[in-house]
Amino acid sequence: MKVSANFIPTLREVPADAVIVSHRLMFRAGMIRKLANGLFAYLPLGLRSFRKVENIIREEMNAIGSLEIKPTVVVPGEIWKESGRWDTMGEGLLRVKNRLGADFVVSPTAEEAFTSLVRDELSSYRQLPLSLYQINTKYRDEIRPRYGVMRGREFVMKDAYSYHTDDESLDETYQKMGRAYRRIFKRCGLTVIPVKADSGAMGGSGSEEFMVESEVGDNTLLLCKECDYAANVEKAGCKPDFTAPASIEEAKAAAASVPPVEKIDTPQVKTIEELCVFLKTDAKKFIKTLIYKAVNVELDLSGKDGAAPAPGCSKLERKSPSPGAPAVYPIAFFAVAIRGDLDVNEVKLAALLKAGEVTLAADTDVERFTGAPVGFAGPVGLNSIPVIADETVTALSDAVTGALVKDLHYQHAAYGRDFTPWLIADVRTVKAGDRCPVCGGELYEKKGNELGHIFKLGSKYTASMNVSYLDEDGKSRTPTMGCYGIGLDRTLASVIEEHHDDTGIIWPLTIAPYHVIIVPIKYEGAVKTAADDLAAALEKSGVEVLLDDRNERPGVKFNDADLLGIPYRVVVGDKNLSLPQPAVEVKRRSEKENRLVDLSNAAEELAGLVRGELGEMNS
Ligand code: ATP
Ligand code: MG
């Protein structure tokens, strides 16, 4: 392919909003152009690399027996109402009406579309397990699209969905997907960190994210210095740095020698830091209490599951967002008590409550439930809403905490003696320096970007959307389900983030838009003939060649070749062609030095190198 016949609008300047390397280089190399915020067009060069990522993903999905289908991108709003997500997805969901006024959704993900399709076709256990995927356009009305195609509004995702008779079969497919993902990223030349991830309202252990390290990553990862433990902070646990009592009796016994709980004046002292100074003690002796508002809480608060009824819950209404969907409390408030030096992890809290979202309550709500302004909440005597205590609180038998009155705190507060939380759980945020939950080694943090996600969903969608099959005994059953996504655009951009230098992209051969770029010093006479012949010979042996036939100065062509990042550059010039053994200059984009290769051997040698390396990367 000749450069003059292509459409590769390279640029020296970059747009002001291109703050990360991949965004800058994709623009400058003429791979993408922006149509509007979060909407990008791929130009020919960008599309070639994009298709290579796509093909790798397709090959690996096919290799594990997942079957490709092509559903529509626009789907009926009806199925989103059935799953309940029409009401819970919020503004990110792009909804459109057709000319008849019927509701439609531009798919941001496709659990509903696949599940509705499977529902119509599934009758017998013999059809399971079933694993289907698509590689298709998604739209999410992201609040803040940024970093080019890393976080766009329209993007392409490979999404797979699997259906099973039991957890064992789901686990088998889940493991296969995990292995396929590792292969996909390896073939793309990417170093990924698989991490344990939050599995949302479904609970359980089945969720893994594939992260790449990135300074602008949206995720905080915790990794162990000693073992291979790695988790998203949303999920990460740590070895306790406290000793919790074995029972409430043991807690009471520990409090026996502690003076009775007592109010102390703390005028104008609200924050933990101010209290530490005021009381000359440290934050580990405080119980910090925060009031949270949770929406769409699926956890039953009525006490039917054997747990105590949650205070105040009798006043809450519980309803299903749609006929098949599970019942939820649309809004509920909770107090969360935690040791003063720690922070509440809102994702863990949401998972505990099986809630759509949790956020800090407004000041007016804090006053309504605690009877005091913000800063004086505490678990002692708080009966208006359920108190959830982080496990750390159970180890405190002589603590300072808010007294539910302005300018007053309690001291000598003891868990078990002075307050009994409704629920005790791990809701704390793990930090660098904490101890690994597996081996006790020190944890450290990295920023990461999520490229893929595999997830055991259980029966969330199959139950709400009424999917069933007949088992061996003719009994009707609900299948269990998994879902598995990879963002193609983000994967491609991440390859550039990992493989570039100051002058441009350095493509791994598997993703490069072309394998070889031929740069004739001056495209005329013997040089032109040699360059054309070499290109033809390479193409004949399956090598993808870009021939820079432009009438530009060599310096300009060299700069562009570096910018485009084609793995092998071959310079054809008069001087080397007139050697006793006519030769060309071959240079790897990743290396500084070039070397002379006999013209007569050049095609064969390069084809061998390309084939060998592709074979190795794809093996
Ligand atoms: P994020 O937390 O980054 O918003 P997510 O957890 O919502 O992502 P999933 O629903 O798990 O994303 O989607 C699967 C994959 O789709 C992600 O791992 C990512 O590669 C890709 N993806 C998601 N949102 C975007 C986006 N706005 N732009 C590009 N790719 C995206
Ligand atoms: Mg995700």
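Everything numeric here is computed off the predicted structure, so don't read it as measured data.

1. Some details on the domain arrangement of the protein chain
When the parts of a complex come together, some accessible area is lost, and that lost area is often taken as the interface size. Each assigned domain of the protein chain is listed with its residue range as follows: domain 1 (46-70 + 107-237 + 445-496), domain 2 (248-425) and domain 3 (514-618). Centre-to-centre, using C-alpha coordinates, domain 1 lies 40 Å away from domain 3. Residue-level contacts link 6 residues of domain 1 with 6 residues of domain 3. Across the domain 1/domain 3 interface, buried area totals approximately 530 Å², and carbon plus sulfur atoms make up 32% of it. For the domain 1 face of the interface with domain 3, the top three residues by lost area are Arg48, Lys52 and Arg187, together amounting to 75%. The interface formed by domain 1 and domain 3 includes 2 salt bridges. Close ionic contact of Glu544 with Lys52 constitutes a salt bridge, the shortest N to O distance being 2.4 Å.

2. Some words on the coordination of the magnesium ion (ligand 2)
Donor atoms from the polypeptide that coordinate the magnesium ion (ligand 2) comprise Glu450 (OE), Glu450 (OE) and His453 (ND1), at 2.5 to 2.7 Å from the metal. Judged by relative accessible area, His453 falls into the buried class, the value being 19%.

3. Let's talk about helix α2 (residues 44-63)
A rise of 1.5 Å per residue sets the reference length of α2, with its 20 residues, at 28 Å; its end C-alpha atoms lie 28 Å apart and thus fit the reference within 8%. After α2 finishes, the residue Gly65 shows a positive phi value of roughly 85°.

4. Points about the pattern of salt bridges
Per the stated rule, a full pass over the model turns up 42 salt bridges. Between Asp103 and Lys97 there is a salt bridge, with its nearest N and O atoms 2.8 Å apart. By relative accessible area, which is 56% here, Lys97 ends up exposed. As a salt-bridge pair, Asp365 and Arg368 come within 2.8 Å of each other at their nearest N and O atoms. Placement of the pair is Asp365 and Arg368 together in helix α10 (residues 363-370), with a separation of 3 residues, close to one helical turn. When its relative accessible area of 14% is taken as the criterion, Asp365 is described as buried. Its relative accessible area of 54% is what places Arg368 among the exposed residues. Overlapping salt bridges bring together Lys348, Asp390, Glu391, Asp426 and Arg428 as one network.

Conventions adopted
Residues numbered from 1 in each chain as written. Chains lettered and ligands numbered in written order. Predicted model: local features only at pLDDT ≥ 70, side-chain atom pairs only at ≥ 80, totals over all residues. Heavy atoms only, no water. Domains from an automatic or database assignment. Contact = heavy atoms within 4.5 Å. Buried area = accessible area lost by both parts, 1.4 Å probe. Salt bridge = Lys/Arg side-chain N within 4 Å of Asp/Glu carboxyl O. Donors = N, O, S within 2.8 Å, 3.2 Å for Na, K, Ca; no water. Buried < 20%, exposed > 50% of the residue type's maximum accessible area, 1.4 Å probe, protein only. Helix = DSSP H or I, 4+ residues; strand = E, 2+ residues; numbered from the N terminus. Expected span 1.5 Å × (residues − 1).

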